[in-house]
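# Secondary and tertiary structure notes
Chain by chain, the residues run as shown.
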Amino acid sequence: MRIAVIGIGGVGGIVSSALKKAEDSLVLVCRGETANVIKEKGLSVSSDVLGDRVINPALVSSDPKEIGIVDAAIICCKTYSIDSVIDSYRDIIGEDTLVVPLQNGVTAAEDIKERLKGAGQVADGYIYCLSNIESPGVIVNRGEMLRIGIGFSDGRKNERAEELVRLLNDGGLPSVCGGAEIKTALWEKYIMMCGNSSAFIYFDCATGGIQESPERLDFLKGVYNELKNVARADGADVRETIPDEYMAAFMKNPPESMSSLYRDIKQGKKDTEFEAIIGGGVRLAEKLGVSVPLMDKVYKKLG
């Protein structure tokens, strides 16, 4: 199966490393210095779960004509880049190409379907990971929180999705292929990611600064609860115990870890996912009539 990973940042890098055994049919879609480094030295990934790996893909390119139609396309760009990425690479997506979005949030699949206008087989997807770019072509993944889910909310089966999940599992990245329950799984991922980012942004610190403060931990749990209520109002059957589970998981994260959203804000990047992740949650809560006072505070701080 010919697989294209589009966007070789923290997420794209760790996914690519899990496909090490399939690198002879792997296409890494990137450009500039990242592409040059990977062509010369391979993609280097250091992971607490997967270990240290160098991936030498079959092709490194940003040219759709050179890439051609692929069997699966894993979309690893930021939410604010979805439209431009799909417009740039729609020609590598055939009628049966499996398209897997791994963006933060709960609407990426619908956004991509609308942009593709019927092309491809667009799945829902999510990933839990704490990864970042150390330098072009060098990715670091820390902590034990690493897993992927792929599925179709209408419950249909897809052989390419099942094969991709098998390859990821063979590469050491825990992965599941789901069905109608994918909406709940997407929400559960969003609750954790948005909750953590909210605390990082509001208190302007990494994980350790939250872990050492009972008041900040209470704030974090409160945001988890607010998001749980929004998810249920949206029809997702998330567990009542989600806030407690996520608090326990958060306490196991490395003190220096942080979400990619908070990292981008700290680095002063012009484009971030703040509006899509924090703003999107606040707007959806308002639409569904759910009170989210803690998230309101986060949004007003930077919004």
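Quick look at the structure, then.

### With respect to the overall build of the protein
- Helices and strands together make up the secondary structure of the protein, namely 13 helices and 13 strands.
- Relative to the compact-globule value of 19 Å for 303 residues, the protein shows a C-alpha radius of gyration of 19 Å, a close match.
- Dimensions of the protein along its principal axes, counting C-alpha atoms only, are 50 × 40 × 35 Å.
- Looking at the protein as a whole, 54% of its 303 residues are labelled buried.

### Here we look at the pattern of salt bridges
- Considering all chains together, one arrives at 20 salt bridges under this definition.
- The residue aspartate 48 makes a salt bridge to arginine 142 at a minimum N-O spacing of 3.3 Å. Placement of aspartate 48 in the loop between strand 3 (43-47) and strand 4 (51-55) and of arginine 142 in the loop between strand 11 (138-141) and strand 12 (147-151) is noted, with a sequence separation of 94 residues between them.
- Owing to a relative accessible area of 48%, aspartate 48 belongs among the partly exposed residues under this scheme.
- As a salt-bridge pair, lysine 228 and glutamate 240 come within 2.9 Å of each other at their nearest N and O atoms. Taken together, the positions of lysine 228 in helix 9 (residues 214-233) and glutamate 240 in the loop between helix 9 and helix 10 (242-250) put the pair 12 residues apart, joining distant regions of the chain.
- The structure contains a network of salt bridges with shared partners spanning Asp83, Asp87, Arg90 and Arg115.

### Remarks on helix 4 (residues 82-89)
- Within the span of helix 4, buried status applies to Ile82, Val85, Ile86 and Tyr89. Seen from one end, helix 4 has its buried residues packed into an arc of 95°, which puts them on one side.
- In the core, the buried residues of helix 4 are packed alongside strand 1 (3-6), strand 2 (26-29), helix 3 (64-67), strand 6 (70-75), strand 7 (93-101) and helix 5 (108-116).

### Points about the sheet that holds strand 9 (residues 124-128)
- Strand order in this open sheet of 3 strands is 9-12-13, and the pairing throughout is mixed. This sheet does not close on itself; its edge strands, each paired only once, are strand 9 and strand 13 (175-178). Between one strand axis and the next, the sheet turns by 10° as a mean value, whatever way the strands run.
- Here 4 bridges tie strand 12 to strand 13, and the two strands are oriented parallel to one another. Paired with glycine 149 across the bridge in strand 13 is valine 176.
- In the packing of helix 7 (residues 182-203) onto the sheet, contacts are made with strand 9 and strand 12, and the angle to strand 9 comes to roughly 35°.

### What about the nonpolar core?
- Among the nonpolar cores identified, the biggest contains 44 residues, and Trp187, Ile191, Cys194, Ile210 and Ile278 are the most heavily contacted of them.
- Sorting the residues of this core by element identifies strand 9, helix 7, helix 9, helix 10, helix 11 (260-266), helix 12 (274-288) and helix 13 (293-302) as the ones contributing at least two each.
- For this core, the leading source of residues is helix 7, giving 12 residues.
- Excluding its chain neighbours within four sequence positions, the residues that come into contact with isoleucine 278 are Cys194, Ser198, Ile201, Leu261, Glu273, Met295, Val298 and Tyr299.
- Among the nonpolar cores identified, the runner-up in size contains 38 residues, and Ile3, Ala18, Ala22 and Leu146 belong to it.

### Section: the state of the cysteines
- Throughout the structure, instances matching the rule amount to 0 disulfides.
- Here cysteine 30 stays free of any disulfide, with the sulfur of cysteine 76 as its closest cysteine sulfur at 11 Å.
- With relative accessibility at 10%, the residue cysteine 30 sits in the buried group.
- Among the cysteines around cysteine 77, which has no disulfide bond, cysteine 76 carries the closest sulfur, lying 8.1 Å off.
- The class for cysteine 77 is buried, based on a relative accessible area of 13%.

### Looking at the packing of helix 9 against helix 10
- Where helix 9 contacts helix 10, the axes come no closer than 9 Å and their chain directions differ by 140°. Overall, the two elements helix 9 and helix 10 adopt an arrangement that is oblique. The handedness of the crossing between helix 9 and helix 10 is right-handed. Along the contact surface, helix 9 presents Leu217, Leu220, Lys221, Tyr224, Asn225 and Lys228, while helix 10 presents Pro243, Asp244, Tyr246, Met247 and Phe250.
- Among the residues making up the contact of helix 9 with helix 10, the classes are represented as 7 nonpolar, 1 polar and 3 charged.

What counts, and at which threshold
Per chain, residues are indexed from 1 in the order of the written sequence. Local features in this predicted model are restricted to residues whose pLDDT is 70 or higher, and side-chain atom pairs enter the listing and the counts only when it is 80 or higher, whereas totals over whole chains, interfaces and linings include all residues. The basis for the side-chain values is all heavy atoms of the structure; hydrogens and waters are excluded. Secondary structure elements follow DSSP: runs of H or I no shorter than four residues count as helices, runs of E no shorter than two count as strands, and numbering proceeds from the N terminus. The reference for a compact globule is 2.2 Å times residues^0.38; the radius of gyration itself is calculated from the C-alpha atoms. The buried label applies to any residue whose accessible area, calculated with a 1.4 Å probe on protein chains only, is under 20% of its type's maximum; exposed applies above 50%, and partly exposed to all values in between. Salt bridge criterion: a side-chain nitrogen from Lys or Arg within 4 Å of a carboxyl oxygen from Asp or Glu. What the arc describes is the spread of directions from the helix axis to the C-beta atoms. The criterion used for residue contact is that any of the two residues' heavy atoms lie within 4.5 Å. DSSP calls a pair of strands paired once it identifies at least 2 bridges connecting them. To get an axis, a line is fitted to the C-alpha atoms, and for a helix only the part in contact is used. The angle between two axes follows their N-to-C directions and goes from 0 to 180 degrees. By convention a nonpolar core is built from buried Ala, Val, Leu, Ile, Met, Phe, Trp, Tyr and Cys residues, the set being connected through side-chain atoms within 4.5 Å. Any two cysteine sulfur atoms within 2.5 Å of one another count as a disulfide. By definition in this entry, angles of less than 35 degrees are roughly parallel, angles greater than 145 are roughly antiparallel, angles of 65 to 115 are roughly perpendicular, and the rest are oblique. Helix crossings get a hand from a simple test, with the near helix turned counterclockwise from the far one by less than a right angle marking a left-handed crossing and a clockwise turn marking a right-handed one. The classification used treats Ala, Val, Leu, Ile, Met, Phe, Trp, Tyr, Cys and Pro as nonpolar, Asp, Glu, Lys and Arg as charged, and all other residues, Gly among them, as polar.

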